[in-house]
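Descriptive structure summary
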Amino acid sequence: MPDTATGARIEVEGLTKLFPGAAAPAVDGIDLEIRPGEFMTLLGPSGSGKTTTLNMIAGFESISAGRIALDGGDIAQLPAYKRNLGMVFQNYALFPHMTAAENVAFPLKQRKVAKTEIARRVSEALELVHLGGHGERLPSQLSGGQQQRVALARAVVFEPRALLLDEPLGALDKKLRESLQLEISRLHRELGITFVFVTHDQDEALALSDRIAVFRDGRIEQAGTPADLYETPSSRFVATFLGDSNVFTGRVRDGLLDTGWCSLRAPGGPEGAVALVVRPEHLRLAVPGGPRAEGNVLSATVTDVVYQGAFRRVLVRFDGGGSGQVREAAGVSRSVSVGERVEVCWSEDAGVLVPDGAEPPANQPVGAR
Amino acid sequence: MVSVSPVDAAPAVPAAARRRPRGRPLLLLALPAVVVLAVFFVVPAARLAWLSVSEPALGFGNYTAMASDGVVVTVVLRTLGMAAVVTVLCVLCAYPYAYLMTMVGPRWRAVLTALVLLPFWTSLMARTFAWVVLLQDTGLVNGLLAAVGLGPTRLLGTTAGVSVAMAQVMLPFMVLPVYTAMRGIDRHLVDAAMGLGATPLAAFLRVYLPLSLRGVAAGATLVMVLSLGFYVTPSLVGSPQQSMLAQLISVQVNQLVNFGAAGALAVTLLVVTLVLVAGVQRLTRTGGAPVGLVGGAGS
């Protein structure tokens with residue numbers, strides 16, 4: 001693969017998909033700009049429109065309204081086979097009657113590349129995914145992980161300027177998924193092309209992406225770097241979808257959040273009906289009656305302790321109502337036991353205030369800045 | 001209030017927990033079928049083969065006589081040709097039909113399946129006589145042909161008429177295996193091919209067609225084999241001048257009472273059939289998985 005290859009810029013404007021007979025659009029006027037060479041993840045629960053968006057970019061699904069531009073040129077009316085984008089499917093979609101090498105050669109044959117050139121590039125692509133020497137096997141003779149590597153090789157062998165991946169690791173077990181995550185990350189670095197990656201797995205999204213667009217009900221709820229989304233979510237949905245959170249709902253008045261059963265010091269943020277989001281790792285447990293820390297303190301009872309190797313998850317029930325969880329490094333502090341009385345404390349700037357609405361906020365354009 | 005991820009799923013129970021009986025106990029399951037086949041097929045077939053080399057005198061006289069008889073050679077070639085034509089007609093009709101069956105919703109699929117199976121539920125004689133009526137000089141088919149300026153033409157008693165009638169009778173044997181093969185093709189594969197730069201035509205030719213070919217091979221084998229030995233439709237729709245191998249055997253047995261010659265013809269038919277089946281199996285063997293007659297014909 002030449003290292004001079006650069007990624008494509010993909011711009012999506014007002015993209016809409018309305019399936020016939022459906023009450024609500026599957027994709028509802030989204031705007032998104034994917035920069036050249038960027039690893040962009042479309043993250044969301046099933047039915048949120050992320051895969052439909054990817055299929056419209058790939059050309060497998062027609063668009064109802066809007067615009068899709070590849071390096072500035074509108075491709076929305078171009079058939080899939082003329083878009084020159086690499087695509088990896090969740091179920092691999094390898095051609096079962098062709099060997100691994102024939103599968104990888106397929107896009108080159110369609111482009112009428114010379115025979116000797118095909119042989120060279122196929123073996124290079126198979127080397128790239130560490131499958132050199134497996135070229136003569138049929139897909140049915142390869143493991144799930146190997147099949148997905150062949151699919152990756154096939155998707156990049158014709159040097160597309162963007163690679164679209166539709167939940168490529170969804171069908172694999174946890175261990176394999178992690179090793180293929182590293183593989184995909186390495187491919188992205190080595191090829192330097194734009195990756196658009198669809199997943200519903202938040203850990204995968206956080207680990208791989210340059211930026212993440214969180215989908216909900218056909219709209220983009222928030223787009224930003226993994227750190228942006230995790231540390232400063234713009235809505236309760238994003239906060240709870242990405243990682244575990246403690247959420248306190250109520251109204252803010254004079255810097256205090258009144259939840260109805262306790263009063264908490266809140267950081268700056270929206271007024272009115274809000275949710276205070278605090279990550280479990282920002283909470284600490286203290287012995288009741290001990291030295292008081294600055295910030296918020298709530299009395300609680302331990303309801304469960306889940307040992308998870310490197311850390312412990314302590315589930316608590318607050319005296320006023322509601323439950324929460326605290327994440328403690330294992331082996332650092334004394335383990336609490338179920339039924340024990342504790343105090344849960346956190347510094348007031350550890351939390352994030354977001355508007356608390358059942359309705360998603362109006363969609364704002366989320367271009368790259 | 002707090003989103004808690006579910007605990008990881010428990011490891012799967014090893015699948016090898018079930019014990020499988022091996023060897024003789026399993027073979028016993030095939031016993032009824034083996035007995036029926038032995039009594040009603042192997043024994044008569046062997047007896048016929050024996051008659052062909054022992055009646056009227058020991059030796060290959062029946063075979064040499066057959067090979068030098070111009071009529072027999074003509075009939076064998078006509079039978080082969082007819083079976084080939086019927087098979088091609090069936091493929092041409094069944095392939096798009098089966099494809100349509102995979103594309104429509106469950107309700108329409110039920111209708112289309114019923115239309116295919118309807119002939120199965122109707123008596124073969126009734127259907128054949130229906131064709132006799134349809135193909136008459138003043139029948140419906142000739143009426144339609146005349147309306148478009150092509151007729152009337154002689155259909156009853158000709159190979160053309162017989163091929164059309166036989167193709168209709170054989171159609172279910174082609175549609176069902178082809179449909180089964182097509183239903184097993186992952187739709188994403190065609191998308192994937194187009195995403196990789198294949199035009200819709202190239203995607204069909206390089207991906208969909210090769211994958212559906214197993215069903216075509218299975219259906220073609222069935223139709224070919226059944227057509228080679230078909231008796232009822234050719235003898236009613238066709239004519240003695242255009243007779244096929246099965247009719248010739250019938251004449252030898254019923255009218256000339258020449259069991260030796262009939263045996264030689266029957267053995268010839270059997271050998272031709274086996275050679276054809278073996279040939280198709282060889283042609284369509286991909287990746288070590290042979291195409292079985294039953295493989296596609298099931299369901």
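These numbers were taken from a predicted model, which means no experiment stands behind them.

Counting residues at the interface gives 25 residues for chain B and 34 residues for chain A. Summed over both partners, the interface of chain B with chain A comes to about 2500 Å²; 63% of that surface belongs to carbon and sulfur atoms. Applying the counting criterion to the chain B and chain A interface returns 0 salt bridges. On the surface where chain B and chain A come into contact, there are 5 residue pairs in polar contact (both at pLDDT 80 or more). Counting only elements with at least two residues in the side of chain B that touches chain A, the list comes to helix H9 (187–195) and helix H10 (200–228) of chain B. Sorting elements by how many residues they give to the side of chain B that touches chain A places H9 of chain B first, with 7 residues. Taken together, the residues of the side of chain B that touches chain A break down into 14 nonpolar, 7 polar and 4 charged.

This part covers the pairing of strand S19 (residues 341–346) of chain A. All names here are of chain A. A large share of S19 lies buried, amounting to 5 of its 6 residues. Sheet topology note: the strand S15 (residues 284–286)/S19 ladder contains 3 bridges and is antiparallel. By the bridge assignment for S19, Arg284 is matched with Cys345.

Across a sheet, paired strands are connected by hydrogen bonds in the backbone, their directions being either parallel or antiparallel. Residue and element names in this part refer to chain A. Reading across the sheet, the 6 strands line up as S6-S7-S8-S3-S9-S10 and stay open at both edges, with mixed pairing between neighbours. Both edges of this open sheet fall to strand S6 (86–88) and strand S10 (219–224), since each of them pairs with a single strand only. Direction aside, neighbouring strands of the sheet carry axes that sit 15 degrees apart on average. Here strand S7 (residues 162–166) pairs with strand S8 (residues 194–199) via 5 bridges, running parallel. The residue bridging Leu165 from the neighbouring strand is Phe197, located in S8. The strands that helix H4 (residues 144–156) touches are S6 and S7; relative to S6, the one it contacts most, it runs at about 165 degrees.

Okay, a nonpolar patch on the surface next. Residue and element names in this part refer to chain B. A cluster of nonpolar side chains, Leu28, Leu31, Val35, Val36, Val39 and Phe40, forms an exposed patch at the surface whose accessible area comes to about 600 Å². Mapped onto the fold, Phe40 is located in helix H2 (residues 31–54). For Phe40, a relative accessible area of 65% puts it in the exposed group.

Thresholds applied
Residues numbered from 1 in each chain as written. Chains lettered and ligands numbered in written order. Predicted model: local features only at pLDDT ≥ 70, side-chain atom pairs only at ≥ 80, totals over all residues. Heavy atoms only, no water. Contact = heavy atoms within 4.5 Å. Buried area = accessible area lost by both parts, 1.4 Å probe. Salt bridge = Lys/Arg side-chain N within 4 Å of Asp/Glu carboxyl O. Polar contact = N/O pair within 3.5 Å; in protein donor to acceptor, adjacent residues only side chain to side chain. Helix = DSSP H or I, 4+ residues; strand = E, 2+ residues; numbered from the N terminus. Nonpolar A, V, L, I, M, F, W, Y, C, P; charged D, E, K, R; others polar. Buried < 20%, exposed > 50% of the residue type's maximum accessible area, 1.4 Å probe, protein only. Pairing = 2+ DSSP bridges. Axes fitted to C-alpha atoms, helices over the stretch in contact; angles between N-to-C directions. Patch = residues over 30% accessible without salt bridge, like charges linked within 9 Å, V, L, I, M, F, W, Y side chains within 5 Å. Areas by Shrake-Rupley, 256 points an atom, 1.4 Å probe, with all protein chains shown as cover.

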